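# Coordinate analysis (summary)
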Amino acid sequence: MKTILVLHTGGTISMSEDQTTGKVSPNSENPLNKRGHLFDNVANMIVEDFFHLPSPHMTPDKMLLLKNRIQQAIVANEADGIVITHGTDTLEETAYFLDLTLKTTIPIVVTGAMRSINEVGSDGLYNFQSAIWVALSQEAKEKGVLVVMNDEIHTARYVTKTHTSNVATFQTPTFGPIGLISKNKVLFFQKLIEEEVYSIETVSKTIFLLKVYAGMDGTLFDAINQPTTDGLVIEALGAGNLPPATLSALNRLIANHIPVVLVSRSFNGIAQDVYDYKGGGKQLKEAGVIFATGLSGPKARIKLQVVLSQDTLPRSLEEYF
Ligand code: ASP
């Protein structure tokens, strides 16, 4: 029988609803642990309550601790697959952080829930079971870190939470899921082009994320133009354009050698340097802005943080994106 290492980190999947007030809050004991016996005939389960956090409390330092624990398990050959339960609010960031930092051939699957364990129609146990099936699947190997929710298998690189409460919240805009769970069958129908894995020991970089809007000026750009700032990700308009009133402040950031990475604030599609007008993508690229193809703002921010956290940067930053 295969062995699955389960690392619980918290989130709604480990919370309960107060049936009188409707408030959802953490339990002293993870309720999933009481259901562990359900998988006795499926796998040897090693279960650790690694964190017990609502996922808005997740930080890059904690992601690094989680990554180190998983790396230790991989090196020691502790398991055939790893399942991580996580709050859904920042799940996509932790999953991508792990994807960028873990060299592995065994399946690593992240899951969560939109409804706490005692709500009617709770998706926690179901998603947990699906994640275990995927982690046991031969085909899930060498696919990077996967996110399994609501019968779908997504890549950590492109998946995002799209709805505040619907159980079908996790989607992969533009590219779609790479597999699905149909009853008890795990089926893959796409493979992602491989991405590099970066070896890091610390994550101490200060990277900001700004969303652009019509009529924006340089105030926020100037506010983050500090000696302590290591990078900025901009969620720009459309294909990758900025309002002209932001430009002088943006140029001051670039002049101070603060890397500026650009993605689109549009939900679908990719950022490209298409437009040649004041604030248009062509001119931004010429000014030194780096276009991150296909990533969302939070994902580009994680990538910039990981890439800059390496001991050395053998290539130009642009080549990493
Ligand atoms: N606020 C919760 C969290 O991210 C949401 C969830 O887990 O679904 O911890």
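Here, every reference points to the structure presented above.
This part covers the layout of surface pockets. Approximately 420 Å³ is the volume found for the largest pocket. Looking at the largest pocket, it is lined by 26 residues, and the ones nearest its centre are Thr160, Ser266, Phe267, Ser296 and Gly297. For the lining of the largest pocket, the secondary structure elements donating two or more residues are α2 (91–101), β9 (160–161) and α7 (297–308). The element best represented in the lining of the largest pocket is α7, accounting for three residues. Considering only residue class, the lining of the largest pocket consists of ten nonpolar, eight polar and eight charged. Approximately 360 Å³ is the volume found for the second largest pocket. Together, 19 residues line the second largest pocket, and Glu142, Lys143, Gly144, Glu194 and Glu195 are the ones closest to its centre.

Before going further, it helps to examine the site of the ligand. What surrounds the ligand is the set Gly11, Thr12, Pro54, Ser55, Pro56, Gly87, Thr88, Asp89 and Ala113. Between the ligand and the protein, one listed contact pairs an oxygen atom with a side-chain N or O atom of Thr88 at 2.5 Å. One of the backbone N or O atoms of Ala113 is found 2.8 Å from an oxygen atom in the ligand. Grouping the amino acids of the shell around the ligand by side-chain chemistry returns three nonpolar, five polar and one charged.

Taking strand neighbours across the sheet as the criterion, the eight strands line up as β4-β1-β5-β6-β7-β8-β11-β12 in an open arrangement whose pairing is mixed. With partners counted over all chains shown, the strands left at the sheet margins are β4 (44–53) and β12 (185–188), one partner each. With strand direction ignored, the average angle separating the axes of adjacent strands in the sheet is 20°. For strand β5 (residues 81–85) and strand β6 (residues 108–111), the ladder comprises four bridges, and the chain directions are parallel. Residue pairing for β6: Thr85 is matched across the bridge by Thr111. Most of the contacts of helix α1 (residues 60–75) go to β4, to which it runs at about 165°, and overall it touches β1 (3–10), β4, β5 and β6. α2 rests against β5, β6 and β7 (145–149) of the sheet, and its axis sits at about 155° to β7.

We now examine the pairing of strand β11 (residues 179–182). Alternating positions in β11 separate cleanly, Gly179 and Ile181 being buried on one face and Leu180 and Ser182 remaining unburied on the opposite face. Pairing of strand β8 (residues 152–155) with β11 involves two bridges; the strand directions are antiparallel. The partner of Ile153 across the bridge, within β11, is Gly179. Pairing of β11 with β12 involves four bridges; the strand directions are antiparallel. Directly across from Ser182, in β12, lies its bridge partner Lys185.

On to unusual backbone geometry, then. You will see that Asn77, though not glycine, has its phi angle at about 55°, which is positive. On the secondary structure map, Asn77 appears in the loop between α1 and β5. Although it is not a glycine, Thr174 sits at a positive phi angle of roughly 70°. With respect to the helices and strands, Thr174 occurs in the loop between β10 (170–171) and β11.

Right, let's get into a nonpolar patch on the surface. On the surface, a cluster of nonpolar side chains totalling about 250 Å² of accessible area is made up of Leu180, Leu187 and Phe189. Along the chain, Phe189 turns up in the loop between β12 and β13 (207–211). Residue Phe189 is classed as partly exposed on the basis of its relative accessible area of 47%.

Here the focus is the packing of aromatic side chains. Tallied over the full model, the rule gives five aromatic pairs. Pairing Tyr158 with Phe175 gives two aromatic rings, centres 4.4 Å apart and planes at 45°, and the pair type is tilted. Separated by 17 residues along the polypeptide, Tyr158 in the loop between β8 and β9 and Phe175 in the loop between β10 and β11 bring together distant segments of the chain. Between Tyr275 and Tyr277, the ring centres sit 5.6 Å apart and the planes meet at 40°, which makes this aromatic pair tilted. Taking relative accessible area as the criterion, Tyr275 reaches 42% and is therefore assigned partly exposed. Residue class for Tyr277 comes out partly exposed when judged on its relative accessible area of 39%. A cation over a ring is seen here: Lys143 above Phe188, with NZ or CZ 4.6 Å from the ring centre. Looking at Lys299, its charged tip hangs above the ring of Tyr96, at a distance of 5.9 Å from the centre.

With 49 residues, the main nonpolar core has Ile70, Ile82, Ile84 and Phe97 as its most contacted residues. Discounting residues that sit within four places of it in the chain, Phe97 has contacts with Pro60, Met63, Leu64, Lys67, Ile200, Val203, Ile302 and Val306. Core analysis: the next-biggest nonpolar cluster, separate from the first, contains 24 residues, Val109, Ala135, Ala140 and Val148 among them.

Quick look at the pairing of β1 now. Regular strands have side chains that alternate between both faces of the sheet. Buried residues dominate β1, accounting for eight of its eight residues. Here seven bridges tie β1 to β4, and the two strands are oriented parallel to one another. The partner of Ile4 across the bridge, within β4, is Met45. Where β1 meets β5, five bridges bridge the pair, whose relative direction is parallel. The residue of β5 that forms the bridge with Val6 is Val83.

The rules behind each value
- Each chain carries its own residue numbering, running from 1 in the written order of its sequence.
- Per-residue local features of the predicted model are confined to residues with pLDDT of at least 70, and side-chain atom pairs are confined, for both listing and counting, to 80 or more; whole-chain, interface and lining totals are unaffected and use all residues.
- Hydrogen atoms and water are omitted, and side-chain values are computed over all heavy atoms in the structure.
- Using only the protein atoms, space was sampled on a 1 Å grid; points where a 1.4 Å probe fits but cannot get out form cavities, open sets with protein on both sides within 12 Å along at least five of seven lines form pockets, and lining residues are those with an atom within 4 Å of a point.
- Grid points are joined across faces, edges and corners, and a volume is the space filled by probe spheres set on the points.
- Under the DSSP-based scheme used, a helix requires at least four consecutive residues in state H or I and a strand at least two consecutive residues in state E, with every element numbered from the N terminus.
- Gly is placed with the polar residues, together with every amino acid not listed as nonpolar (Ala, Val, Leu, Ile, Met, Phe, Trp, Tyr, Cys and Pro) or charged (Asp, Glu, Lys and Arg).
- Here a residue is near a molecule or strand as soon as one of its heavy atoms is found within 4 Å of it.
- A 3.5 Å cut-off defines polar contacts: any pair of N or O atoms within that distance qualifies, except that in protein one atom must be a possible hydrogen donor and the other a possible acceptor, and neighbouring residues in sequence count only when both atoms are side-chain atoms.
- A strand pair is defined by DSSP finding two or more bridges across the two strands.
- The angle between two axes is taken between their N-to-C directions and runs from 0 to 180 degrees, where each axis is a line fitted to C-alpha atoms and a helix contributes only its stretch in contact.
- Every residue pair with non-hydrogen atoms within 4.5 Å of one another is taken to be in contact.
- Note on classification: 1.4 Å probe, protein chains only; a residue is buried when its accessible area is under 20% of the maximum for its type, exposed when over 50%, partly exposed between these limits.
- The patches described consist of residues with a relative accessible area above 30% and no salt bridge, like charges being joined within 9 Å and nonpolar side chains (Val, Leu, Ile, Met, Phe, Trp, Tyr) within 5 Å.
- What sets the accessible areas is the Shrake-Rupley method with a 1.4 Å probe; for residues, cover comes only from the shown protein chains.
- Put simply, a salt bridge is a Lys or Arg side-chain nitrogen that is within 4 Å of an Asp or Glu carboxyl oxygen.
- Here the aromatic set is Phe, Tyr and Trp, taking the six-membered ring for Trp, and pairing holds for ring centres within 6.5 Å; pairs whose planes are under 30 degrees apart are stacked, those over 60 apart are edge-to-face, and all others are tilted.
- Lysine and arginine charges are scored as sitting over a ring when NZ or CZ, respectively, is within 6 Å of the ring centre and within 35 degrees of the ring normal.
- Buried Ala, Val, Leu, Ile, Met, Phe, Trp, Tyr and Cys residues form a nonpolar core when they are joined through side-chain atoms within 4.5 Å.

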